[in-house]
Amino acid sequence: MKKTVLTTAILCLFALCDVQAQIDNRYHWYDGTITYTATHLEHSNVKMYGMDEGEEHEFVLRYTKEVNPEHQLYSVIDDNLGFYNTGLTAHHQKAEGLDVICIYDSNDLLKTVMSGETEWEAEILNQNRWLNQVKGSYTTKDKNGDVKNIEWTMEKMSVDHIVYPYEIICFNGRATGFIRVEEVPGALNELQGMWKIEPTLEGLHMYSVNTETGNSPWDWEADGKEFNLKRTDLQSGRFDYASRILLNDKQFRHFDKKTLRIMRNEILARHGYRFKSKDLQEYFGKQSWYKPISDNSKVKLSFLEQLNVELIKYEEAQKQ
């Protein structure tokens, strides 16, 4: 009997050690910009290492405690990203198919989410998440006032059923928000050339740019041609992707504070949350998909949605 108890205790100890070191070193940990690799150190600490623009980036997650078998706490130490001595903490969590390391600032706001990925190419991850945020059905008007219907999928963009090949412009592995649209023989080719895509509350703003004005996308200047695209497929909201993909690429940081507030609360609205604020009542009351429920305590967000709500709150706080 005593042997059985002792054996069980030893197995539990080994299990605890495994839990404390469960940040998977087979994964590539992606924070929206850099892909890190993890190396297990002694005392269940973990070193994170990445490269960006030829520069090394590293920090150490110092193990603090286990909250539960799927949630460990760490402090962030010894790095060159400005985290050192700033009181940042890290939560490693597994839930609903996600494996993430959440970095919180000294005010307990979610600053960064690093997702465990089997795909090592940060550029591919970045492109896919950017595309998920712009794909959809839109209408716009050309210079003559004629309505154009635009369908944007993960694979193609079509204008009134004419398919336009395009390339996402990346810089140092990041989707810049610029695309290059190729010429289509026999078409009007209003979209041929380089375009900057900016998300808006209504949809997207496209404006053409002159690539001769600088050596990188950040230097290119608008050359006068633009389209305002209004999203039309709104069965589940303007920002429906915030309930499907992790927003750790931070594309949404370009929104103003008012739009960020709508985006964050739309996640709740999709679950029928009943708002007290008059402006939110008016905005979501106009959405055909919004069906408020009588008891807000019944609203249950997915783990991904909870993370996105916290990430948006952080961005809102930066705009005060």
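Refer to the structure above for everything that follows.
As the structure is a prediction and not an experimental result, all values here were calculated from the model.

(A) Region of the structure containing the pairing of strand S8 (residues 110-117). Within S8, six of the eight residues are buried, leaving the element largely enclosed by the surrounding structure. In the sheet, strand S7 (residues 98-104) pairs with S8 via five bridges, with the strands oriented antiparallel. From the neighbouring strand, Val100 faces S8, where its bridge partner is Ser115. Counting the residues in the hairpin turn of S7 and S8 gives five residues, including Asp108, whose phi is positive at 60 degrees.

(B) Structural context of the sheet that holds strand S14 (residues 174-181). Spatially, S12-S11-S10-S9-S17-S16-S15-S14-S13 is the arrangement adopted by the nine strands of the open sheet, whose pairing is antiparallel. Edge strands, defined here as strands with exactly one partner in the open sheet, are strand S12 (162-164) and strand S13 (166-171). Sheet twist, expressed as the mean angle between neighbouring strand axes with direction ignored, is 35 degrees.

(C) Just the pattern of salt bridges, in detail. The final tally for this structure, using the stated rule, is 13 salt bridges. For the salt bridge of Lys47 with Glu58, the shortest nitrogen-to-oxygen distance reads 3.5 Å. One end of the pair, Lys47, is in strand S3 (residues 46-52); the other, Glu58, is in strand S4 (residues 55-68), and 11 residues separate them in sequence. Under the relative-accessibility criterion, Lys47 is labelled partly exposed at 29%. Between Lys250 and Glu315 there is a salt bridge; the shortest N-O distance is 3.7 Å. Taken as a pair, Lys250 in the loop between strand S17 (221-231) and helix H3 (257-269) and Glu315 in helix H5 (residues 303-318) lie far apart in primary sequence, 65 residues in all. Grouping residues by exposure puts Lys250 and Glu315 together as buried. Among the charged side chains, a network of salt bridges with common partners joins Arg231, Asp233, Asp240 and Arg244.

Cut-offs applied
- Residues numbered from 1 in each chain as written.
- Predicted model: local features only at pLDDT ≥ 70, side-chain atom pairs only at ≥ 80, totals over all residues.
- Heavy atoms only, no water.
- Buried < 20%, exposed > 50% of the residue type's maximum accessible area, 1.4 Å probe, protein only.
- Helix = DSSP H or I, 4+ residues; strand = E, 2+ residues; numbered from the N terminus.
- Pairing = 2+ DSSP bridges.
- Axes fitted to C-alpha atoms, helices over the stretch in contact; angles between N-to-C directions.
- Salt bridge = Lys/Arg side-chain N within 4 Å of Asp/Glu carboxyl O.

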